[in-house]
Amino acid sequence: MRMMIWKVVKRLLFSIILLNSLALNASEYLISYRYIVKDVLLYNEKFYISKAMQKCKGTLQEPIILSNEENRPLNILLSDVDSEFIEYIHRLGLDVQHNSVTKNMQNSSTTVLTLKTTCFKVDFNDMFVKMTPLK
């Protein structure tokens, strides 16, 4: 009986250690996003991605899970699934700046959407990538 209990406890401890090590070993990346529309035309869209030099602090938010069957690096993965990731960061909160000017009966407008630099814990697995922002 004791041997059976010990085996169950041992398995439980192993699974807890394994799950914690996966969460602790997740890489941390600083990601920001900028999207500029000038006069109804896309002017510039850019992801800024860099590996965090220091450990990020904060509470974990709702994660996003992206398919990564070809083991692509993060910058290529985000550019390939940009619409799904952009919808996700819209829910996180984007800063919106809009400027409209009329001169000589000509209207000109510029809209800038920005995701301020946010730390993400990124866990690469065999078939997917789990990205969790810290707030």
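Quick notes on the rules
- Residues numbered from 1 in each chain as written.
- Predicted model: local features only at pLDDT ≥ 70, side-chain atom pairs only at ≥ 80, totals over all residues.
- Heavy atoms only, no water.
- Salt bridge = Lys/Arg side-chain N within 4 Å of Asp/Glu carboxyl O.
- Helix = DSSP H or I, 4+ residues; strand = E, 2+ residues; numbered from the N terminus.
- Buried < 20%, exposed > 50% of the residue type's maximum accessible area, 1.4 Å probe, protein only.
- pLDDT = per-residue confidence, 0-100.
- Contact = heavy atoms within 4.5 Å.
- Pairing = 2+ DSSP bridges.
- Core = buried A, V, L, I, M, F, W, Y, C linked by side-chain atoms within 4.5 Å.
- Arc of directions from axis to C-beta.

1. Notes on the pattern of salt bridges
Okay, so step 1: Applying the stated rule across the entire model yields three salt bridges.
Okay, so step 2: The residue Lys55 makes a salt bridge to Glu28 at a minimum N-O spacing of 3.7 Å. In this pair, Lys55 is assigned in the loop between strand E2 (41-51) and strand E3 (64-67) and Glu28 in strand E1 (residues 27-38), connecting sequence segments 27 residues apart.
Okay, so step 3: The class for Lys55 is exposed, based on a relative accessible area of 59%.
Okay, so step 4: Residue Glu28 is classed as buried on the basis of its relative accessible area, which comes to 9%.
Okay, so step 5: Across the salt bridge formed by Arg72 and Asp80, the nearest N and O atoms sit 2.8 Å from each other.

2. A few points about unusual backbone geometry
Okay, so step 1: Backbone geometry places Asn71, a non-glycine residue, at a positive phi of 50 degrees.
Okay, so step 2: In this structure, Met105 is a non-glycine residue whose phi angle is positive, near 65 degrees.
Okay, so step 3: By secondary structure assignment, the location of Met105 is in the loop between strand E4 (95-103) and strand E5 (106-124).

3. A word on the confidence of the model for the protein
Okay, so step 1: The predicted model of the protein averages 82 in pLDDT, with 81% of residues at 70 or higher.
Okay, so step 2: Low pLDDT, under 50, characterises residues 17-22; the predicted model gives this stretch one contact beyond four residues in sequence or across chains.

4. Regarding the pairing of E2
Okay, so step 1: With ten bridges joining them, E1 and E2 adopt antiparallel strand pairing. Among the inter-strand pairings, Val37 is bridged to a residue of E2, identified as Leu42.
Okay, so step 2: A loop of two residues connects E1 with E2, the two strands running antiparallel in sequence, and Asp39 in this loop sits at a positive phi of about 50 degrees.

5. Details of the nonpolar core
A general feature of soluble globular proteins is that nonpolar side chains tend to end up buried together.
Okay, so step 1: Ranked by size, the top nonpolar core spans 21 residues in total, and within it Ile31, Leu74, Phe85 and Met131 carry the most contacts.
Okay, so step 2: Leave out the neighbours within four places in its chain, and Met131 touches Ile31, Pro63, Ile64, Leu66, Leu74, Leu78, Phe85, Tyr88, Phe120, Lys121 and Val122.

6. Some details on the environment of Leu78
Okay, so step 1: With respect to the helices, strands and loops of the structure, Leu78 is situated in helix H2 (residues 74-80).
Okay, so step 2: By relative accessible area, which is 0% here, Leu78 ends up buried.
Okay, so step 3: Measuring from C-alpha to C-alpha, the distance between Leu78 and Leu66 comes to 8.9 Å, with twelve residues separating the pair along the chain.
Okay, so step 4: Setting aside chain neighbours within four positions, we find Leu78 in contact with Ile31, Phe47, Ile49, Leu66, Phe85 and Met131.

7. Structural notes on the pairing of strand E6 (residues 128-133)
Okay, so step 1: By the bridge criterion, four bridges tie E3 to E6 in an arrangement that is antiparallel. By the bridge assignment for E6, Ile65 is matched with Lys130.
Okay, so step 2: Examined bridge by bridge, E5 and E6 share five bridges and lie antiparallel to one another. Opposite Val122, over in E6, you have Met131 as the bridge partner.
Okay, so step 3: Between the antiparallel neighbours E5 and E6 lie three residues.

8. Here's the deal with helix H3 (residues 82-92)
Okay, so step 1: Every buried residue of H3 is accounted for by Phe85, Ile86, Tyr88 and Ile89. Projection of H3 onto a plane perpendicular to its axis shows the buried side chains occupying an angular sector of 160 degrees, all on one side. Across from the buried face of H3, at angles greater than 90 degrees, the exposed residues are Glu87 and Arg91.
Okay, so step 2: Structurally, H3 contributes buried residues whose contacts are with E1, E2, E3, H2, E5 and E6.
Okay, so step 3: One or two residues past the end of H3 sits Gly93, with phi positive at roughly 120 degrees.

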